[in-house]
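Structural characterization, general
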Amino acid sequence: MKMVSGEVSKTKDTILSIVGEIGDQGNEGNNEITNDVYYELPPPPDFVQEQIQEEPGKTNFEQAEWVDPNSNYYASAHTEGVQDTYEDVEYFSSYSKMSIHHEMVFDKRRTAVYFHAISKSKDFFKDKVVLDVGCGTGILSCFCAKAGAKRVYAVDASDMAYNAELVVERNGLGDIVKVMKGKLEHIAFPEYVDIIVSEWIGSFLIFESMLESVIYARDHLLKPGGVLFPSKAALYFGPVNVESYYEKHINQWENVFGLDMSCLVPMAREELLENKTIRNYYIENSTAVLDKPITLRVLDLNKITIKDLSKTVSNFDFKIPNGKFHGFAAWFSIWFENLDNNLADRPSTLEKDDFIYYVINKEGELVAKDYKHDQMDKGLTPKFFELKSNTLELSTAPGDGDTHWKQVLFLHPVEKHINNQDEKTSISGTIRVCQNYHYRRHWFVELSVSCKTKPTHHYYEKYLI
Ligand SMILES: C[S@@+](CC[C@H](N)C(=O)[O-])C[C@H]1O[C@@H](n2cnc3c(N)ncnc32)[C@H](O)[C@@H]1O
């Protein structure tokens with residue numbers, strides 16, 4: 001990485017020209033990560049405004065000593081030290097491959113939610129300055145430019161930034177979208193932004209910990225009153241019977257093209273239920289969820305801090321019917337607010353007190369949904385905030401449609417058959433989610449569970465995501 005030293009006191013014009021250089025390098029097809037740019041970060045907006053009033057056009061960045069060396073921000077901005085706790089080299093190399101972007105871009109429900117959220121918010125994007133944190137192929141930046149944004153800063157630390165520039169140019173959006181290659185936390189920006197767009201979402205919502213970079217961007221680069229796309233997210237957790245998964249991965253061995261291969265079933269079973277291994281699997285049928293889920297984590301992106309994020313503990317007490325119980329699944333929803341009004345016709349089934357909001361259906365289409373206030377707490381994605389009619393939700397819950405994130409399964413060490421006469425059986429315990437201190441893109445999930453069967457069965461599992 002090239003260190004640009006002695007650059008702590010820059011005028012806006014100089015910084016703009018460096019931003020230009022970053023963009024230009026992409027055109028040359030230079031595929032080496034050499035252009036991370038290090039400066040002191042500019043001070044927060046109110047501070048800058050004061051400075052600008054005193055000395056128009058000139059900001060004294062030397063006074064910007066507000067990066068706390070003990071904070072997480074510092075850690076994430078300076079990972080090139082003794083240890084790369086964010087595994088940046090490996091992480092950004094993986095995002096330099098087309099295949100990973102293929103998986104995301106052609107996940108039709110994922111890409112559709114961003115496409116609709118942005119392109120159906122034209123009133124909102126018009127003439128705004130946007131930051132796309134982790135632009136990848138540049139797809140979301142291009143959506144923003146087409147929705148009327150005045151300028152879009154498209155940032156990515158992986159080599160995919162060069163490809164983003166090709167996409168931007170090919171679509172004639174080069175005057176609006178400025179591609180910047182480098183880790184967001186290392187780049188100095190010439191201005192504050194009105195909107196932050198980012199697809200930071202990992203498996204189990206928080207895997208990869210990219211949300212930290214979005215929080216960083218929010219705290220350092222978003223104008224007061226600025227908006228995040230998406231703005232809210234929640235993670236859910238519930239008990240499941242995933243017979244279809246067992247069928248596919250274990251029982252299928254019983255008859256293979258007329259051969260009896262059932263002798264392999266125990267090995268398949270053992271491997272499948274190996275401790276500490278989570279599985280990603282799309283549960284097609286919502287009835288596989290055996291009780292109302294708990295809301296494990298809510299994320300209001302306008303408020304959440306990195307510190308708040310690092311640990312979650314929750315108790316649960318599910319009541320499940322007789323039958324098979326295989327363990328637990330987790331899924332999430334994300335919400336975009338601020339969409340333009342009247343995007344779709346009001347469903348005819350709607351009553352006076354119901355309101356509409358929007359969802360991405362199984363086919364990846366935006367559809368209006370009628371919603372009663374008393375339903376907010378029901379279903380597989382209970383809402384933790386008051387829905388407004390201009391809100392769009394992407395749910396990854398069982399039955400709501402497949403995505404590349406699927407659901408995360410925490411399978412029980414042994415398949416359990418619950419038979420408790422007429423009563424439902426209590427499955428209670430605690431789930432604890434902690435960031436891995438040394439490899440901060442990873443998370444530990446600890447489950448301490450009591451199945452009130454006869455006799456009561458207790459178990460503890462620690463999974464690494
Ligand atoms: C999940 S992908 C999303 C790509 C693209 N926005 C899309 O929707 O298809 C996340 C991208 O963010 C980039 N990224 C993650 N953290 C970053 C950071 N702190 N600075 C710059 N790029 C980052 C990764 O290299 C990756 O290309």
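Residues numbered from 1 in each chain as written. Predicted model: local features only at pLDDT ≥ 70, side-chain atom pairs only at ≥ 80, totals over all residues. Heavy atoms only, no water.

1. Section: the site of the ligand
- Near the ligand you find 21 residues, and of these R110, G134, D156, L184 and S213 are the closest.
- Separating a nitrogen atom of the ligand from a backbone N or O atom of A157 is a distance of 3.2 Å.
- One of the side-chain N or O atoms of E185 is found 3.0 Å from a nitrogen atom in the ligand.
- Relative to its unbound accessible surface of 600 Å², the ligand loses 100% to contact with the protein.
- Of all the elements in the fold, those that place two or more residues in the shell around the ligand are α4 (88–94), α5 (98–105) and α8 (139–146).
- Taken together, the residues of the shell around the ligand break down into 10 nonpolar, six polar and five charged. (Near = heavy atom within 4 Å. Polar contact = N/O pair within 3.5 Å; in protein donor to acceptor, adjacent residues only side chain to side chain. Areas by Shrake-Rupley, 256 points an atom, 1.4 Å probe, with all protein chains shown as cover. Helix = DSSP H or I, 4+ residues; strand = E, 2+ residues; numbered from the N terminus. Nonpolar A, V, L, I, M, F, W, Y, C, P; charged D, E, K, R; others polar.)

2. Digging into unusual backbone geometry
- Across the junction of F229 and P230, the peptide omega takes the value -5 degrees, indicating a cis bond.
- Within the secondary structure, P230 sits in the loop between β5 (222–229) and β6 (232–240).
- Positive phi is not limited to glycine here, since F204 has a value of about 60 degrees.
- Tracing the backbone shows F204 in the loop between β4 (193–198) and α10 (211–221).
- F204 gets classed as buried once you look at its relative accessible area, which sits at 3%.
- Of note, the phi angle at S209 is positive, near 55 degrees, even though the residue is not glycine. (Buried < 20%, exposed > 50% of the residue type's maximum accessible area, 1.4 Å probe, protein only.)

3. Structural notes on empty space enclosed by the protein
- The final tally for this structure, using the stated rule, is four cavities of 30 Å³ or more.
- As a volume, the largest cavity reaches approximately 390 Å³.
- V133, G134, C135, D156 and M210 are, among the 29 residues lining the largest cavity, the residues nearest its centre.
- No other element matches α5, which puts three residues into the lining of the largest cavity.
- Taken together, the residues that form the lining of the largest cavity break down as 15 nonpolar, six polar and eight charged. (1 Å grid on protein atoms, 1.4 Å probe; cavity = no way out; pocket = protein on both sides within 12 Å on 5 of 7 lines; lining within 4 Å. Points joined across faces, edges and corners; volume = space filled by probe spheres on them.)

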